[in-house]
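Structure assessment
Below are the chains, spelled out letter by letter.
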Amino acid sequence: MPTVYHISDLHFGRERPPLVRALIEEINACAPELVAISGDLTQSARRREFAATRDFLAELAPPVLVVPGNHDVPDWDLIRRLLRPWKRYGRYITEDLYPSYSSRTLAVLGLNSARRWSPHTDWSRGRLSAHQMVEVERFFAGAEPSATRVVVVHHPFIVHELALGRGVIGRKEMALECFGHSRVDLMLSGHLHIHHSETMAARSGERTLVAAQAGTTLSDRLKAGYANSFNVIELDQDRIRIRVRRWSEAGGFQDCEQLDYRRAIAGWEPEVA
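Please read these numbers as outputs of a predicted model, since none were measured by experiment.

Turning to empty space enclosed by the protein, a few remarks are in order. Under the criterion given, the structure shown has three cavities of 30 Å³ or more. A volume near 50 Å³ is recorded for the largest cavity. Around the largest cavity sit Leu 176, Phe 179, Gly 180, Val 184, Met 200, Ala 201, Ala 202, Arg 207, Thr 208 and Leu 209, which together line it. A total of three residues in the lining of the largest cavity trace back to one element, the largest contributor, which is helix H6 (residues 172–181). Per-class residue counts for the lining of the largest cavity are seven nonpolar, two polar and one charged. Considering only enclosed or pocket space, the second largest cavity measures out at about 40 Å³ in volume. In terms of lining, the second largest cavity is formed by His 195, His 196, Ser 197, Ala 212, Gln 213, Asn 231, Ile 242, Val 244 and Leu 259. Of the residues in the lining of the second largest cavity, the class split is four nonpolar, five polar and no charged.

Okay, structure coming up:
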């Protein structure tokens, strides 16, 4: 059964060093098929933060797929933000803003939902574009028929009740329509620092996918009542199992929650024990 480690919101510059070492050791010992990182690698998009992220990624043995978040765009230099938003991300991490991973069992595509500017007063909000949906259709048209289909973005398609007012990703319905047509099974995101998952579909569609958010895995920027966490996702053609691993000062990362979904006639549904 292929396994994906879904980590997010690392925020190097505000990282907790004991957690960094513990996470590296666990990932390398468990050897998942893929590590998917859903954005906010840095706190302020500064060189030293990207360098620390690069060093962290270099220690991970499994393949890694990473997308940027809004904190990976400079917010302290308007000229740099507008004219060269991805220069440091490209220099230290990757220039690929459509990262992908393909195997017999997995087809994973990353999309950049962070933007250099926003029509909203809150520039931390993200959105997707029609051009990106063309890439989604192209990528999954070439996927193995037996592969579980996964999209990785930073910004959420669902907003937890503890984060009301943050706003969902822009052009959500357009994206969900495209994901439905492309038979996407699982969508991974972060941004809210709250772990959560549920099934969802476009308003005009019936096919459901599983939307899973990860908490902040390594940083001290915690939401009240939520510890550092990440998701371990076990996949096969008929089941998605999400195990939430939460940090305990006494025992390190430990399982704290498990959610199971099974394939249904029109997508996915929660599995009732």
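The next point concerns the sheet that holds strand S4 (residues 100–102). Strand order across the open sheet formed by six strands is S4-S5-S6-S7-S9-S8, with mixed pairing between neighbours. Since the sheet does not close on itself, it has two edges, and those belong to S4 and strand S8 (196–200), each with one partner. On average, each strand axis in the sheet is tilted by 15° relative to the strand beside it, whichever way the strands run. Sheet topology note: the strand S5 (residues 106–110)/strand S6 (residues 148–152) ladder contains five bridges and is parallel. Directly across from Ala 107, in S6, lies its bridge partner Arg 149. Together, S4, S5 and S6 form the strand contacts of helix H5 (residues 130–141), whose direction differs from that of S5 by roughly 165°.

Before going further, it helps to examine the layout of surface pockets. Its boundaries defined by the atoms lining it, the largest pocket holds a volume of some 160 Å³. Taken together, Pro 145, Ser 146, Ala 147, Thr 148, Arg 149, Arg 183, Asp 185, Arg 207, Gln 237, Arg 263, Ala 264 and Gly 267 form the lining of the largest pocket. Of all elements in the fold, only S6 and strand S12 (252–264) reach the threshold of two or more residues within the lining of the largest pocket.

Under the definition given, this model contains 15 salt bridges. Across the pair Arg 21 and Glu 59 runs a salt bridge whose closest N-O atoms are separated by 3.1 Å. A residue pair is termed long-range when its members are at least 10 positions apart, and Arg 21 in helix H1 (residues 17–30) and Glu 59 in the loop between helix H2 (47–58) and strand S3 (64–67) qualify at 38 residues. By relative accessible area, which is 37% here, Arg 21 ends up partly exposed.

Okay, the sheet that holds strand S11 (residues 239–248) next. The strand order across the open sheet built from seven strands is S3-S2-S1-S10-S11-S12-S13, with neighbouring strands paired in mixed fashion. Of all the strands in the sheet, the pair left with one neighbour each is S3 and strand S13 (267–270). Averaged over all adjacent pairs, the angle separating strand axes in this sheet is 25°, with direction ignored. Where S11 lies against S12, ten bridges are found, and the strand directions are antiparallel.

About the criteria used
Residues numbered from 1 in each chain as written. Predicted model: local features only at pLDDT ≥ 70, side-chain atom pairs only at ≥ 80, totals over all residues. Heavy atoms only, no water. 1 Å grid on protein atoms, 1.4 Å probe; cavity = no way out; pocket = protein on both sides within 12 Å on 5 of 7 lines; lining within 4 Å. Points joined across faces, edges and corners; volume = space filled by probe spheres on them. Helix = DSSP H or I, 4+ residues; strand = E, 2+ residues; numbered from the N terminus. Nonpolar A, V, L, I, M, F, W, Y, C, P; charged D, E, K, R; others polar. Pairing = 2+ DSSP bridges. Axes fitted to C-alpha atoms, helices over the stretch in contact; angles between N-to-C directions. Contact = heavy atoms within 4.5 Å. Salt bridge = Lys/Arg side-chain N within 4 Å of Asp/Glu carboxyl O. Buried < 20%, exposed > 50% of the residue type's maximum accessible area, 1.4 Å probe, protein only.

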